[in-house]
Amino acid sequence: MSSPPKVALLIETSNAYARGLMRGVESYLREGREWSIFLAEHTRGDRAPSWLEGWDGQGVIARIENRDIARALGRLKIPIVDVSAAQLLPGLPWCETDDVAVAKLAAEHFIDRGFRTFAFCGDARFNWSRWREEEFTRLIRSDGHPCYTFTPPRGLAPDSDATVEMIARWLRTLPKPVAVFGCYDLRGLQVLDACRRSGIPVPDEVAVLAVDNDDLLCDLAHPPLSSIMPNTRRTGYEAAALLDRMMSGQRLGGDAHLVPPLGVATRQSSDVLAVEDRQIAQAVRYIREHACKDAGVEKAARHAGLSRRLFEMRFKKIIGRTPNEEIVRVRLQRVKELLAETDLPLSEIADRAGFRHVEYLSVVFKKKTGLQPSKYRREHQPRRA
């Protein structure tokens, strides 16, 4: 029998996003593929490792983040799949998080909470930051709201104290309350630090959302940081599947394979409703906490201390949706999470999300998303053998 192909993973181990990619590769291998994996210690920004010069393997999955590594990989005459948005070797197929979908999720998260003023804090070094900024500002401004942007200058060390001070000065100029979208978790942490230095209450005056959902970073933040969950496991899985096809002789060009995010992990930094009507704010919080249990319009109205008719009128005027539409929206979000993250049967998912009948769940899900639940699951979970 021929020996298994040797595959190098040139992916840093220092952050949750990259480790999620490697878990996706591992998921692909667990389905019966036999690869001999080579993984060396590596961090973002490192020069090309010396072993790459004489690499005698059959394939590479790499986050190509600098030109030194791009040159080294460009000299290899073997299949390579890129899992970076930098696109330093344009001819390679690349798998990445869908940044347009990330920006859309961020905008919806803040708009659902009643914000009318928005801001984006980016990092000019990365394409994905620029793409998120472009789509987020477009969505917010097309909805008729102001969106302020700030990116620290390139010459400034991204993790320096001076960077946090610049962010703090920028935050102090913004009208409040404001919803700030940080391009990734580290930038979100800096925004929180800048708020603390400036004495700005979070989330009451500045609500903060970032991207990557690194549990350790987000939970250590003060207050804990809300973050968008990229589907890194599926991204790594898709990259491995592409490499397998290439090692089998298929020729693939430099097409993008974009994977949408899973959703938002809401923590204290954005867990606020920016509306002045306290009764409606209380009702919205009640719905979001109990929609998948026993929340109904009547119970939500009683929680707000209003008659049902007055409650529905005020809720629709302030939130832009009826109370029932909000209940269904929250339940469907839970369904999406369970479809993407578990193998639970649809009947169990319906029960956990507050739908009494699985048939009704399927009808509502198709109406709201355009997809059957089974198709949504296939598109968001790593493929099964």
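See the structure printed just above.
Computed from a predicted model, the values in this text were never measured in an experiment.

1. Quick word on the packing of aromatic side chains
Item 1. Summed over the entire model, instances satisfying the criterion amount to 17 aromatic pairs.
Item 2. Ring centres of Y28 and Y237 lie 5.2 Å apart, and the angle between their planes is 80 degrees; on these two criteria the pair is classed as edge-to-face. Of this pair, Y28 sits in helix α1 (residues 16-29) while Y237 sits in helix α8 (residues 232-247); the two residues are 209 residues apart in sequence, bridging distant segments of the chain.
Item 3. For Y237, a relative accessible area of 2% gives the class buried.
Item 4. For the pair F38 and W55, a centre-to-centre distance of 5.7 Å together with 40 degrees between the ring planes defines the contact as tilted. On the criterion of sequence distance, the pair formed by F38 in strand β2 (residues 36-39) and W55 in the loop between β2 and β3 (59-62) is long-range, its members being 17 residues apart.
Item 5. For W55, a relative accessible area of 13% corresponds to the buried category.

2. Observations concerning the sheet that holds strand β9 (residues 206-211)
Item 1. In spatial order, the strands read β7-β6-β8-β9-β10-β12; together these 6 strands make up an open sheet with mixed pairing. Unpaired on one side and paired on the other, β7 (147-150) and β12 (263-265) mark the two borders of the sheet. Across the sheet, the axes of successive neighbouring strands diverge by a mean angle of 25 degrees, strand direction being ignored.
Item 2. The pairing of strand β10 (residues 226-229) with β12 spans 3 bridges and is classified as antiparallel. Bridge pairing in β12 links S227 to A265.

3. Quick look at the packing of helix α12 (residues 323-341) against helix α15 (residues 373-380)
Item 1. Viewed as axis vectors pointing N to C, α12 and α15 meet at an angle of 55 degrees, and their least axial separation amounts to 8 Å. In terms of axis orientation, α12 runs oblique to α15. Here α12 runs over α15; the crossing is right-handed. Residues K336, L338, L339 and A340 of α12 touch α15, and the partners they reach there are P373, Y376, R377 and H380.
Item 2. Along the lines of polarity and charge, the residues of the contact of α12 with α15 split into 5 nonpolar, 1 polar and 2 charged.

4. Remarks on helix α11 (residues 308-319)
Item 1. Taking 1.5 Å as the rise per residue, α11 with 12 residues should run 16 Å; its terminal C-alpha atoms sit 16 Å apart, in good agreement.
Item 2. Looking at α11, one finds that the buried residues are F311, F315 and I319. All buried residues of α11 fall inside an arc of 25 degrees around its axis, so they share one side. Counted as exposed and oriented over 90 degrees from the buried face of α11: R309, M313 and K317.
Item 3. On its buried face, α11 is in contact with α9 (278-290), α10 (297-304) and α12.

5. Side note on the pattern of salt bridges
Item 1. Scanning all chains against the criterion turns up 32 salt bridges.
Item 2. Here D193 makes a salt bridge to R196, at a shortest N to O gap of 3.2 Å. In this pair, D193 and R196 both sit in helix α6 (residues 185-198), 3 residues apart, roughly one turn of the helix.
Item 3. Residue class for R196 comes out partly exposed when judged on its relative accessible area of 46%.
Item 4. Put simply, R267 and D215 hold a salt bridge, and the shortest N to O gap is 3.3 Å. On the criterion of sequence distance, the pair formed by R267 in the loop between β12 and α9 and D215 in helix α7 (residues 215-220) is long-range, its members being 52 residues apart.

6. Some details on the nonpolar core
Item 1. Grouped together as the largest cluster of nonpolar side chains are 27 residues, with contacts concentrated most on F110, F115, F118, F136, F181, L209 and I228.
Item 2. Of all the secondary structure elements, the ones that give two or more residues to this core are α3 (99-111), β6 (118-121), α4 (127-142), β8 (178-182) and β9.
Item 3. Looking at which element gives the most residues to this core, the answer is α3, with 6 residues.

7. Observations regarding α9
Side chains three or four residues apart in an α-helix point the same way, a direct result of the helix having 3.6 residues per turn.
Item 1. Compared with the 18 Å implied by 1.5 Å per residue over 13 residues, the 18 Å span of α9 between its first and last C-alpha is a close match.
Item 2. Here α9 has its buried residues at I280, A281, A283, V284, Y286 and I287.
Item 3. Contact partners of the buried residues in α9: α10, α11 and α12.
Item 4. With a side-chain oxygen positioned 3.1 Å from the backbone nitrogen of Q279, the residue opening α9 is D277.

8. Some details on unusual backbone geometry
Item 1. For the bond from K176 to P177, the omega torsion is -5 degrees, close enough to zero to count as cis.
Item 2. Looking at where P177 falls in the secondary structure, it is placed in the loop between α5 (161-173) and β8.
Item 3. Following H222, the chain continues to P223 via a peptide bond in cis, the omega torsion being -5 degrees.
Item 4. You can see P223 is positioned in the loop between α7 and β10.
Item 5. A positive phi angle, near 55 degrees, is found at Q87, a position not held by glycine.
Item 6. In this structure, Q87 sits in the loop between β4 (80-82) and β5 (94-97).
Item 7. A positive phi angle is found at N213, which is not glycine, with a value near 50 degrees.
Item 8. Within the secondary structure layout, N213 lies in the loop between β9 and α7.
Item 9. The exposure class assigned to N213 is buried, which follows from its relative accessible area of 16%.

9. Some points on the environment of E326
Item 1. Assignment of secondary structure puts E326 in helix α12.
Item 2. Counting along the chain gives 29 residues from E326 to V297, while the straight-line C-alpha distance between them is 9.6 Å.
Item 3. Residue contacts for E326: discarding those within four places in its chain leaves V284, I287, R288, F315 and R321.

Conventions we followed
Residues numbered from 1 in each chain as written. Predicted model: local features only at pLDDT ≥ 70, side-chain atom pairs only at ≥ 80, totals over all residues. Heavy atoms only, no water. Phe/Tyr/Trp six-rings, centres within 6.5 Å; stacked < 30°, edge-to-face > 60°. Helix = DSSP H or I, 4+ residues; strand = E, 2+ residues; numbered from the N terminus. Buried < 20%, exposed > 50% of the residue type's maximum accessible area, 1.4 Å probe, protein only. Pairing = 2+ DSSP bridges. Axes fitted to C-alpha atoms, helices over the stretch in contact; angles between N-to-C directions. Parallel < 35°, antiparallel > 145°, perpendicular 65-115°, else oblique. Left-handed = near helix turned anticlockwise from the far one by under 90°. Contact = heavy atoms within 4.5 Å. Nonpolar A, V, L, I, M, F, W, Y, C, P; charged D, E, K, R; others polar. Expected span 1.5 Å × (residues − 1). Arc of directions from axis to C-beta. Salt bridge = Lys/Arg side-chain N within 4 Å of Asp/Glu carboxyl O. Core = buried A, V, L, I, M, F, W, Y, C linked by side-chain atoms within 4.5 Å. Polar contact = N/O pair within 3.5 Å; in protein donor to acceptor, adjacent residues only side chain to side chain.

Scope: geometric values only; no functional claims are made or implied.
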